Amino acid sequence: MTGKKGAAIGKDQMLALYRTMLVIRRTEEQLVKLYAAGKIYGGVHTYIGEEAVATGVCAHLRNSDTVFSTHRGHGHALSKGMPPRELIAELLGRATGCGGGRGGSMHLFKPEIGFMGSSGIVGPSITLAAGSAYAARLRKTDQVSVAFFGDGATNNGAFHEGINMATAWDLPVLFVCENNMYATEIPYATVTKNPHPATRAPAYGLPGVAVDGNDVLAVYQAAGEAIRRARSGEGPTLLECKTYRTRAHSEGMRDAGYRTQEEIAEWKARDPIKAFEGKLLAGGTAAQSELESIDADVRALAEEAAAFALASPMPDPATVTEHVYSETQEGQNA
Amino acid sequence: MREMTFVDAAREGLAEEMARDPAIFVVGEGIGVRGGNFNTTVGLYDRYGPERLRDTPISERGFTGICIGAAASGARPVVDFMFIDFLTDAFGDMFNQMSKLQWMSGGRLKMPIVVRGCVGVAPSNAAHHSGNYYPFFMHVPGFRVVMPTTPGDAKGLLKTSIRSDDPVLFLEHKNLLALKGPVPEGEHLVPFGKASVARGGKDVTVVGVAFMVKKALEAAELLAKDGVSVEVIDPRTLAPLDIDTILSSVRKTGRLLVVDEDFAPCGVAAEIAMQVMELGFDDLDAPVKRLNGLSCPAPYSPALMTNLIPTTTTIVQALRDLLAE
C-alpha cells in the first residue's frame, strides 16, 4: 500500500502502526478503569480518539530524536517507546512510574529514549523542542526534535516566537499541531478567526501541511516527509492533524454544554483504530485473525502493566527534595 | 596582579569557557557582531560565529524556552538579557520549566543554563531598566543566584556558573561594570555559597547586596575615622547563601545591618534576618536592622531619585543607630 506520496509502506510497518495505536488505547482503557476505581490521585487526560497522530509521527523517530509533549501526553510517551507499566505506575503515584510518582498524568519523562517530558503548561513544548533542535545543530548530528501541541497552543506566544525562530534558523524540528477543535472546553473557532493552523505557516515562511489526524497512514506519510526535511537541514514543518478527543478533557470532568452528543458520536464513528482496521482488511494486508492476535497480545500487555503498577511500592517520602539541584552544595538554600 | 574592569573580567571568563567547551552558546539581542549592549561579548563573534553567538529577535519567552530545551539536550546556553527587566516576559517558563525540569525528571535531565543581565538602579534608567528581581529567584527552588561585586569575582563566578549543571541567575549591577580591580589570569573559579569578608571589623556587621557592598565599604571607611570598626560581608551568591560566614561575624560583633537597594518586603534582608534569628539569636545584642530602597518603581528625574536607595550617608546613620541600641 502506498500513501498519496512517498515510499510504499510494508505490511510489517503497517502492523506496527496498528499495534502502537492499540497500545495507547488499551493502556488508557486501564487508566480509565483505575480512575473510576479511585486508584488515581490526580487528573487523567486521555488521548482516546487521537492515537493516529502520535503513532504516525513517532514511527519515524530514533531514540536519539527528542519529543516534547503536552498535558495530553500518554500517547506521545507510549509511541516514543515508554513501557505501559511505567506510565500506569506514574499515574498511580508509584516509585516505579516514569517520574517516580513526581508527576502523574501531565508530567511524564523518559529522556533515555528521547521522551523529554510533558508539560502542564501550554506552549513550552514548541520552544523547548526548537531548543533541542538547536543543541543537535551545535553538535552537528542529524537528530530531529518534535513538538506536540494542541490547537490551544497556537494562540499562545510560544507558538509565534518558537516557530518564527526555528524557521529563521532552519532548525531540525517538526511542529505537530493536534487540532481537536477545543482548547480545554473552549471551541477553537470561537476564539480564532482562522481556525486552520497549517494555513498560518506561509506567513512564517515554513511549509504547513494539514492532514486527517484520524488517518494513521496520512499522518505517517506527512510526518515522514517533514522529518526527512528536518534531518537533511531543510528546516521545520508545521503539521496540522485534524482530530478529536472523544472523552472529557480530563476523566471525571463534566463534559457537557460546549459540544453536542451528535458531534461526539460522529467522531467516534471515525475512530482511527477502527478505520485502520477496515483498511488493513479491505486491502488484504492482514487477516482478521492476525489483528485479533495483535489485540490480544496488547490487551495482555496492558493488563500486566496495570497489575505491575498496582503491586508497585509508593516512593519514599524522604526523596521528595532530591534533584532540586544537580548536586547538593553546602549552604544551599532550603 | 593585573587590573581590569568588571565587564572585561566577566567577558574573559566567558571567552575562556567558550574555548574550553563547544557546547556553550550565547543568545541575546545584539550579542553577535555588535558585542552586546554592555560589551559582554565583544570580539567573541569573530571567533565563534553566529551559531554560538546567536542574535535573537525580541522574543524573550521564545529564546529562553529554546535555551531550556537546548540545555535539557546537552548544550550549555548563556542567555544574555542585557537588562534583567527584559526577562519578565520569560518568567513563566523560567519558573515552570527551567527551575523544575531537573526535579521533575528525577535528575535525568540537567539544566546547565546561565541567565545573565544587568540589575540595579542607575541614573535616570527609570521604571523599565532598573529592576533587581533577585528575591523571586531566591524564593524558587532550583535556581542559583549569583551577584559578583568585584572584577575578580565576576570572572571566577561566571566560570563557575557556566560549569554548573543548575540554572544560574548571573546578575551584574550596572554601577559596577566600569569598576576596576585585580583579576587572576587563566583558571580562576570562585565557588558558590562562599561569602567574602570585604572588610574585617569587630563592632558591627554589614551585609551588602551588589552595589551596596561598595557603599557599605565607603560607610565603614567613614566610621573608622570615629574609631568604629565595621565588618562588611559580600555574600557573592544569594542562593546558595553562605549564612555561616554571616553568623560567624555576628558572633563577633553582636550587631547586623543588611543593606539592599531592592524593596524590603520578602527580600534578601528579610531572609538573612530570619536565618540569623533561627541560628544565632543568642549572639545578637540588638535586633537585626535592614536598609532598603523605597518600595516604588525607579523614577527618571534626578530629583525623584534623591531618597530612592541607600547612600553612604544613610548607611552611616543606620550603623550609628544600630550601635546605639
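Residues numbered from 1 in each chain as written. Chains lettered and ligands numbered in written order. Predicted model: local features only at pLDDT ≥ 70, side-chain atom pairs only at ≥ 80, totals over all residues.

Novice: A description of the overall build of chain B should follow, citing residues and the corresponding values.
Specialist: The helix and strand tally for chain B stands at eleven helices and 14 strands. For 325 residues, the compact-globule formula gives about 20 Å, and the C-alpha radius of gyration of chain B, at 20 Å, lands near that figure. Seen through its C-alpha atoms, chain B measures out along the principal axes to roughly 60 × 45 × 40 Å. (Helix = DSSP H or I, 4+ residues; strand = E, 2+ residues; numbered from the N terminus. Rg over C-alpha atoms; globule rule 2.2 N^0.38 Å.)

Novice: Could you give an account of the interface of chain A and chain B, naming the residues involved and the relevant values?
Specialist: Residue-level contacts link 39 residues of chain A with 45 residues of chain B. Elements with a contribution of two residues or more to the side of chain A that touches chain B: strand E1 (66-69), strand E2 (115-118), helix H5 (124-139) and helix H6 (157-168) of chain A. For the side of chain A that touches chain B, the leading source of residues is H5 of chain A, giving eleven residues. Taken together, the residues of the side of chain A that touches chain B break down into 17 nonpolar, 18 polar and four charged. (Contact = placed C-beta atoms within 7 Å. Nonpolar A, V, L, I, M, F, W, Y, C, P; charged D, E, K, R; others polar.)

Novice: Explain the domain arrangement of chain B residue by residue, including any values.
Specialist: Residues and elements named next belong to chain B. Here chain B is partitioned into domain 1 (3-182) and domain 2 (196-324). The distance between the C-alpha centroids of domain 1 and domain 2 comes to 26 Å. The interface is formed by 26 residues belonging to domain 1 together with 24 residues belonging to domain 2. Residue assignment for the side of domain 1 that touches domain 2 shows that the elements contributing at least two residues are helix H6 (134-139), strand E6 (144-146) and helix H7 (151-163). (Domains from an automatic or database assignment.)

Novice: Describe the nonpolar core, and please don't skip the residues or the numbers.
Specialist: In this structure, Val173, Leu174, Val176 and Val219 of chain A together with Leu319 of chain B are the most contacted members of the largest nonpolar core, which totals 186 residues. Here this core gets ten residues from one element, more than from any other, and that element is helix H9 (residues 216-231) of chain A. There are two domains that each give this core at least three residues, and those are domain 1 (3-182) and domain 2 (196-324) of chain B. When near neighbours in sequence (up to four residues on either side) are disregarded, Leu319 of chain B contacts Val204, Val206, Ala219, Leu223, Val230 and Leu257 of chain B. (Core = buried A, V, L, I, M, F, W, Y, C linked by C-beta atoms within 7 Å. Buried ≥ 20, exposed ≤ 12 C-beta atoms within 10 Å, placed from the backbone.)

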